[in-house]
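Residues per chain are reported as follows:
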Amino acid sequence: MRIDVHHHFFLDAQKKAKQSSKVGFRTPDENLPWRPQTSLAVMDNLGVQTAILSPPPVSSNSSGPEARAEVRQQNIHSSQLCAAYPGRFGFLAGLPLLDDVEGSLEEIAFSLDVLGADGVTLMSSYGVGNSAKYIADDMYDPIWEELDRRHAVVLLHGAQTPSSTPYPHPLLGVPISEVPNETYKAAAHLVVSGKKRRFHNVNIILTHLGGSTPFLAPRVAALSHYMGCPLTPDEIIEDFKSFYFDTALSAHETTLAAMATFVPSDRLLFGTDFPAVSIKSIRWYTGNLENYFAERPVDLANIMRDNALRLFPNLGKSRDQYSSGVYQVSDQLHDGPQCTVNL
């Protein structure tokens, strides 16, 4: 059975559909409104035993008590899902806008210590427009210090940030054209700033095989060193290779062959990006992955399951009163009836 490390949940169908439309994408109608059963049916179809849930990567400038409360409710709900469906779900905690450093640190502690989250999910940048900051900004050092102290796992997802120019065609919206490059920019920022090396205890998973990271890493190695990065080109490449990479929406003979020259297979993790995309698309990428490793069953088993088990030794083991049902949280699914997880 497989473990899907890149699996989202959408609590508000109308909000998600509107957000997708704004960035030139369409969430499959059959996946909205999302409920646990939506994922479970697809997981069973794909042979996925456990999906690690994470909130969608949505940029925002919102901070303060309301934003903190929304993230807290989201994380409690995720923990309850893990308890309601034992062995089927794990979860990565969302954090508030990282500019709210205190709130982010509080949510890390609550999610990991109380809810039993399997890690956290971060975006490539926070804020919008000229106020946006990339993930290695010095302002966020206290957050990285805490994640490093905890040896935490982080899923790093490219933000849906529009380019300075319009996306070139309706069939090439922001999630298709820009998100992979945002992932690369975040990874490169961590590397050239020295933060990847400084906070080396954090296990960072780059989504979508790192986007354009494997192809642009050599460019960064020489040119950023030339521009003053104190790391040597070889050290820069070494730090790029220290990431993990999930296969969501990226597995193909071409990309997998490139990854084989970049990192060993124990750095690859199976991911689907469901429910953001259709099961038809996921089957195509999964088939590519299976075909590429058809003659290497051990490598395939590691990518599909065992690498994740090593990275997430307590996968899906939520804990304390919030996940056991003493605390109940309900969420209004705007395109359907109210959904409460009763444990």
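Refer to the preceding data block for the structure.
What counts as what
Residues numbered from 1 in each chain as written. Predicted model: local features only at pLDDT ≥ 70, side-chain atom pairs only at ≥ 80, totals over all residues. Heavy atoms only, no water. Salt bridge = Lys/Arg side-chain N within 4 Å of Asp/Glu carboxyl O. Helix = DSSP H or I, 4+ residues; strand = E, 2+ residues; numbered from the N terminus. Buried < 20%, exposed > 50% of the residue type's maximum accessible area, 1.4 Å probe, protein only. Pairing = 2+ DSSP bridges. Contact = heavy atoms within 4.5 Å. Axes fitted to C-alpha atoms, helices over the stretch in contact; angles between N-to-C directions. Arc of directions from axis to C-beta. Patch = residues over 30% accessible without salt bridge, like charges linked within 9 Å, V, L, I, M, F, W, Y side chains within 5 Å. Areas by Shrake-Rupley, 256 points an atom, 1.4 Å probe, with all protein chains shown as cover. Nonpolar A, V, L, I, M, F, W, Y, C, P; charged D, E, K, R; others polar.

K.L.:
Tell me about the pattern of salt bridges, residues and numbers included.
P.N.:
Scanning the entire structure with this criterion turns up 18 salt bridges. Across the pair Asp99 and Lys133 runs a salt bridge, and its minimum N-O distance is 2.9 Å. Of the two residues, Asp99 is situated in the loop between β3 (89-93) and α4 (101-115) and Lys133 in strand β6 (residues 133-134); the sequence distance between them amounts to 34 residues. Here Lys195 ties to Asp141 by a salt bridge, and the two come within 2.8 Å at their closest N and O atoms. Here Asp141 lies in helix α5 (residues 141-149) and Lys195 lies in helix α8 (residues 195-198), a separation of 54 residues in the sequence. By relative accessible area, which is 11% here, Asp141 ends up buried. Among the ionic contacts, a cluster of salt bridges with common partners joins Asp138, Asp141, Glu145, Lys195 and Arg198.

K.L.:
Describe the sheet that holds strand β4 (residues 119-123), with residues and values.
P.N.:
Pairing between the strands of a sheet is mediated by backbone hydrogen bonds and can be parallel or antiparallel. Pairing within the open sheet is parallel, and its 8 strands lie in the order β1-β2-β3-β4-β7-β8-β9-β10. One side of each edge strand has no neighbouring strand; the edge strands of this open sheet are β1 (2-8) and β10 (268-269). Direction of pairing for strand β7 (residues 153-157) relative to strand β8 (residues 203-206): parallel, over a ladder of 4 bridges. In the strand pairing of β8, Leu156 is matched with Leu206. Lying over the sheet, helix α3 (residues 65-84) contacts β2 (48-54) and β3, oriented at roughly 165° with respect to β3.

K.L.:
Describe helix α10 (residues 233-240), naming the residues involved and giving the relevant values.
P.N.:
Considered for burial, the residues of α10 that qualify are Ile236, Asp239 and Phe240. End-on, the buried residues of α10 take up no more than an arc of 105°, which puts them together on one face. Turning to α10, the residues buried within the fold contact α7 (179-192), α8, α9 (213-226) and β9 (244-246).

K.L.:
Quick one: what's the story with helix α11 (residues 253-260), residue by residue and with numbers?
P.N.:
Taken residue by residue, α11 has Leu256, Ala258 and Met259 as its buried positions. For α11, the arc enclosing every buried residue in end-on projection is 160°, short of the 170-degree limit, so these residues lie on one face. Exposed side chains of α11 directed beyond 90 degrees from the buried face belong to Glu253 and Thr254. At its buried positions, α11 is contacted by α9, β9, β10 and α12 (279-292).

K.L.:
Please give an account of the pairing of β7 that cites residues and values.
P.N.:
Across the 5 residues of β7, 5 count as buried, placing the element largely inside the fold. Neither face of β7 is open: one carries Val153, Leu155 and His157, the other Val154 and Leu156, and all of them are buried. Taken together, the 4 bridges between β4 and β7 define a ladder with parallel strand orientation. Of the residues in β7, the one forming a bridge with Met123 is His157.

K.L.:
If you had to explain a nonpolar patch on the surface to someone new, which residues and values would you point to?
P.N.:
Nonpolar side chains collect at one region of the surface, where Leu171, Leu172 and Ile176 lie side by side and expose about 280 Å² of accessible area between them. When you line up the elements, Leu171 lands in the loop between β7 and α6 (174-177). The exposure class assigned to Leu171 is exposed, which follows from its relative accessible area of 63%.

K.L.:
Describe the pairing of β3, with residues and values.
P.N.:
Most of β3 is tucked away, with 5 of its 5 residues classed as buried. Here β3 shows no split at all, with Phe89, Phe91 and Ala93 on one side and Gly90 and Leu92 on the other all buried. Note that β2 and β3 share 3 bridges and pair parallel. Its bridge partner being in β3, Ile52 is matched across the sheet by Gly90. Relative to β4, β3 runs parallel, the two being bridged by 2 bridges. Bridging across to β4, Ala93 finds its partner in Val120.

K.L.:
Tell me about the packing of α12 against helix α13 (residues 297-311), and name the residues and values.
P.N.:
Axis separation between α12 and α13 bottoms out at 9 Å; the angle between their running directions is 145°. Each of Thr286, Leu289 and Glu290 in α12 lies in contact with α13, whose residues at this interface are Leu300, Ile303 and Met304. When its residues are assigned to classes, the contact of α12 with α13 shows 4 nonpolar, 1 polar and 1 charged.

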